[in-house]
Structure formats: C-alpha cells, structure tokens
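Chain and residue survey
Here's the letter readout for the chains.
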Amino acid sequence: MIELKRIARTLAAVVAATCLVGSVTAQTATYPSRPIKLIVPFAAGGSSDILGRVFAEKVGAELGQSMVVDNRAGGNTVIGTQAAASARADGYTILQVTPNAVIVGSLQRSVPYDLGRDFAPVIGVGSVPLLLAVPASSTIRSIPDLVTFAKAMSGGLSYASGGMGSLGHLAPVRLLRDLKIQGTHVPYRGVAPAIQDVAANRVHLMFVSSLEGMQMVKTGGIRVLAVTSEQRLPGLPDVPTMAELGFADFYPAVWYGFMVPAKTPADVRDRLHQAFTKGAADPGVREQLVKLGLTVKLRNGPEFAQFIREEDARWSRVVKENGITME
C-alpha cells in the first residue's frame, strides 16, 4: 500500500510538471499576445525617454504589439529598476538600463535588487560619448591650462553634474584624480541647469553627453576640450579624444541597453533580442539614433552582461578610491 501511494504521488508530480511545461510552452509560442511595458527609469522628455520611445515604437511594430513607455523616475533609477525587478518574468516588462543602474549599486549600501542576479540582459544598443566642457569665456583651452588654472585656485576647480552619483559626477572625479588636482562637485537637479551655469561661467567645467551639449556648443555657450569617444566626433573634428591626449582607457559614455526579469523564458528573450536588432537596423530608426548622438553598437545578451560587469568594476573602483557615497 505504501509503495502504491508513493507511485501515485510520483505520477501526480510528473503530470503537474508536464502541465506546467505545456502551459509555459503555450504562452511563449503565442508571445506576445498583449501590450508590452517598457520601464524607463527617468522622467519624460529627457534623452533617455526619447531614445526609449524610438525603440518602443519600432520594436513594438516588429512584435506585432504596442510597447508602452512607463516613466518611473526617482532614486537615481532605483524606483524604476525595482518596479521591473518585481514584475512577472513573462516578457511583458522590459527595463531600459544606463550607467546609473550600475553606479548606484556602488554608491548605496542597500539597493532592493541585484542587477546581475535579478535581471537577464536582452541587448546593448550603443552609447553617447561625453564632452569635457568649460565656459566659452574661460581662459582654459587645453588640459594643461586646466591643470594650471586648478593649481592657481585656492579651492581647486568646481565641476557641475546633473546629480550626485551620475556619470557626469564620476567622470570628472576620475579625471581630477588622474591629473592630481583638486575640485569641488556642484550637483544640480538635472543636466540642463548644470550646463546653463557652466555657460554662465558660474562653474568651471563639466562632462556632458554630446546629445545634451552640442546645442550649447553651437550657440557658443561652452568650449569643448576633449571627447570621450574612441574616434573624433564628426560634429567636432578639431577636438581631440581623451585617448589622443594620453588618457588610456578613459571612455566614459552614456550607454543604453534593455533587460528583463531574470526568469523570463529564454525563447522570449531571444524573440525580444531579434526584434530590437531588427529595430536598430531600420534606416529610419538609425537616423533618429544618429540625431540623438548615439553610436550604435549592438551587444547580444552574454556580451552585454560582460560589458555591464566591466562597467561595474570600473566605476565601483572610482567610488571606492574617492570615498563617494549617497548615504
């Protein structure tokens, strides 16, 4: 009798597992059957939001479903990322990720998720380089000028950023450390007011993305000393790269990619990867991305995961060496 009961329990478990596999297979075979949510952990109207909407429109069309952008700003991307981490792992919630997603883990002791454990990468799509900018009216015209100016200032340089713990904060921290000069961080609530104060010569310098800085270059508000791209930018052919100026491995950039909750089925992740790849190859999308200043460089899931690990190591080292914290 005991043996019969054991066999019955085993058969019941096998049947249940078979039903579960069949259910999952049925779901993924018809994916997607309803609208998909793309969480952008930034406010509407900014560069990240614009880029997210470009992809949402085209990728949604590729999948045959609408992709709705859900702006979840706040907490240096923690709010939006946590919302995605808590979502069902069924392919109907996608998270847009940027350097903030990596940096915040080094700045805060307690983050309610683990980017590597709780998410699976779908695709990395590219990056926007930074401009090392000073006021157009400044006497600083080169890196040596920058060093001379800083050493002549009793408190060193002041440098602006769009917020504490942002890439615009950590990039100048690393530069000043490499140059062995002092500086004071002036964080703003967003890039727009920061670059306005640089143009007004209230702050000495900042690293700003080419997307957000090129207009100020055109209007004569800022001067660009260097760019962080591997090659010179077509719009700034006379401006050297940081590598040309002797700064090895100095390529901070605002990169973009997309992830899903970790347990999302592999075939659903593959379907999404294919749709994003096709979307990025579309001439109309490419044109929009170029206008946004994005250098398209597609990375598949494993490549994007490795890239994120490298970024984490790079910026966590800067945070640790300089004792930076948000707490």
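These numbers were taken from a predicted model, which means no experiment stands behind them.

Calculation rules
Residues numbered from 1 in each chain as written. Predicted model: local features only at pLDDT ≥ 70, side-chain atom pairs only at ≥ 80, totals over all residues. Heavy atoms only, no water. Helix = DSSP H or I, 4+ residues; strand = E, 2+ residues; numbered from the N terminus. Buried < 20%, exposed > 50% of the residue type's maximum accessible area, 1.4 Å probe, protein only. Contact = heavy atoms within 4.5 Å. Areas by Shrake-Rupley, 256 points an atom, 1.4 Å probe, with all protein chains shown as cover. Lys, Arg positive; Asp, Glu negative; His and termini not counted. Charge placed at Lys NZ, Arg CZ, Asp CG, Glu CD. Core = buried A, V, L, I, M, F, W, Y, C linked by side-chain atoms within 4.5 Å. Arc of directions from axis to C-beta. Axes fitted to C-alpha atoms, helices over the stretch in contact; angles between N-to-C directions. Parallel < 35°, antiparallel > 145°, perpendicular 65-115°, else oblique. Nonpolar A, V, L, I, M, F, W, Y, C, P; charged D, E, K, R; others polar. Left-handed = near helix turned anticlockwise from the far one by under 90°. Polar contact = N/O pair within 3.5 Å; in protein donor to acceptor, adjacent residues only side chain to side chain. Phe/Tyr/Trp six-rings, centres within 6.5 Å; stacked < 30°, edge-to-face > 60°. Lys NZ or Arg CZ within 6 Å of the ring centre and 35° of its normal.

**Some points on the overall build of the protein chain**
In terms of regular secondary structure, the protein chain is built from 12 helices and 10 strands. Considering only C-alpha atoms, the protein chain reaches an extent of 90 × 45 × 30 Å along its principal axes. A buried classification covers 48% of the 327 residues belonging to the protein chain. Taking the contacts inside the protein chain whose residues are at least 6 apart along the sequence as the reference set, 78% of them involve residues at least 24 apart. A total of about 15,600 Å² of accessible surface is found on the protein chain, and carbon and sulfur atoms cover 55% of it. Taking the 33 positively charged and 26 negatively charged side chains of the protein chain as two groups, their mean positions are separated by 4 Å.

**Notes on the nonpolar core**
The biggest cluster of nonpolar side chains holds 63 residues, and the ones touching the most others in it are Phe-55, Ile-94, Leu-132, Leu-175 and Phe-258. If you tally residues by element for this core, the top one is strand E4 (residues 119-135), at 8 residues. Once you skip the residues sitting within four places of it in the chain, Leu-175 turns out to touch Leu-132, Leu-146, Phe-207, Met-242, Phe-247 and Phe-250. Formed by 18 residues, the second largest nonpolar core is a distinct cluster that contains Ala-194, Met-206, Val-224 and Leu-236.

**What about helix H3 (residues 78-85)?**
Every buried residue of H3 is accounted for by Val-78, Gly-80, Thr-81 and Ala-84. Projected down its long axis, H3 carries its buried residues within an arc of 165°, all on one side.

**Re the packing of helix H2 (residues 47-63) against helix H11 (residues 283-291)**
The interhelical angle for the contact between H2 and H11, taken along N-to-C directions, is 175°, at an axis separation of 10 Å. Viewed along their axes, H2 and H11 adopt a mutual orientation that is roughly antiparallel. Of the residues in H11, those touching H2 at Leu-51, Val-54, Phe-55 and Lys-58 are Val-285, Gln-288 and Leu-289. In the contact of H2 with H11, the residues fall into 5 nonpolar, 1 polar and 1 charged.

**Topic: helix H4 (residues 99-107)**
Across the 9 residues of H4, 7 count as buried, placing the element largely inside the fold. Turning to H4, its buried residues are Pro-99, Asn-100, Ala-101, Val-102, Ile-103, Val-104 and Leu-107. In this structure, the buried side of H4 is in contact with H3, strand E3 (93-97), helix H5 (115-118), helix H7 (167-179), strand E9 (253-261) and helix H12 (301-321).

**A word on the side chain of Asn-76**
Mapping Asn-76 onto the fold places it in the loop between strand E2 (67-71) and H3. Asn-76 gets classed as buried once you look at its relative accessible area, which sits at 17%.

**Concerning the side chain of Thr-98**
Relative to the helices and strands, Thr-98 resides in the loop between E3 and H4. With sequence-adjacent residues up to four places away left out, Thr-98 is seen in contact with Phe-42, Ser-48, Trp-255 and Tyr-256.

**Thoughts on the environment of Pro-237**
With respect to the helices and strands, Pro-237 occurs in the loop between strand E8 (222-227) and E9. On the basis of relative accessibility, which here comes to 48%, the residue Pro-237 falls in the partly exposed class. Pro-237 sits 164 residues away from Ala-73 along the chain, and the two C-alpha atoms are 35 Å apart.

**Focus on the packing of H7 against H12**
Packed helix pairs are specified by the crossing angle of their axes together with the interaxial distance, meaning the distance between the axes. Taken N-terminus to C-terminus, the directions of H7 and H12 make an angle of 65°; their axes are 10 Å apart at the nearest point. When the axis of H7 is compared with that of H12, the two are roughly perpendicular. The chirality of how H7 crosses H12 is left-handed. In contact with Leu-167, Leu-170, Ala-171, Val-173, Arg-174 and Arg-177 of H7, H12 contributes Trp-315, Val-318, Val-319 and Glu-321. Split into classes, the residues belonging to the contact of H7 with H12 amount to 7 nonpolar, no polar and 3 charged.

**Some remarks on the environment of Thr-219**
Positionally, Thr-219 belongs in the loop between helix H9 (210-218) and E8. Considering only alpha carbons, one finds Thr-219 and Ala-136, 83 residues apart in sequence, at a separation of 10.0 Å. Of the polar contacts made by the side chain of Thr-219, one reaches the backbone oxygen of Met-216; its length is 3.2 Å.

**Thoughts on the packing of aromatic side chains**
Considering all chains together, one arrives at 10 aromatic pairs under this definition. Ring geometry for Phe-55 versus Phe-276: centroids 5.9 Å apart, planes at 40°, classification tilted. Of this pair, Phe-55 sits in helix H2 while Phe-276 sits in helix H10 (residues 266-281), placing them 221 residues apart in sequence. Of the two residues examined, Phe-55 and Phe-276, each falls in the buried class. Relative to Phe-250, the ring of Phe-207 has its centre 5.9 Å away and its plane inclined at 35°; by these criteria the two rings are tilted. One end of the pair, Phe-207, is in strand E7 (residues 205-209); the other, Phe-250, is in the loop between E8 and E9, and 43 residues separate them in sequence. In this structure Phe-207 comes out as buried when scored by relative accessible area, which is 2%. Here Phe-250 falls in the buried class, since its relative accessible area comes to 0%. A connected cluster of aromatic rings, assembled from ring pairs, spans Phe-55, Phe-258 and Phe-276. Its end group placed over the ring of Tyr-92, Arg-34 keeps NZ or CZ at 3.7 Å from the ring centre.

Shape is all these values report; function is a separate question.
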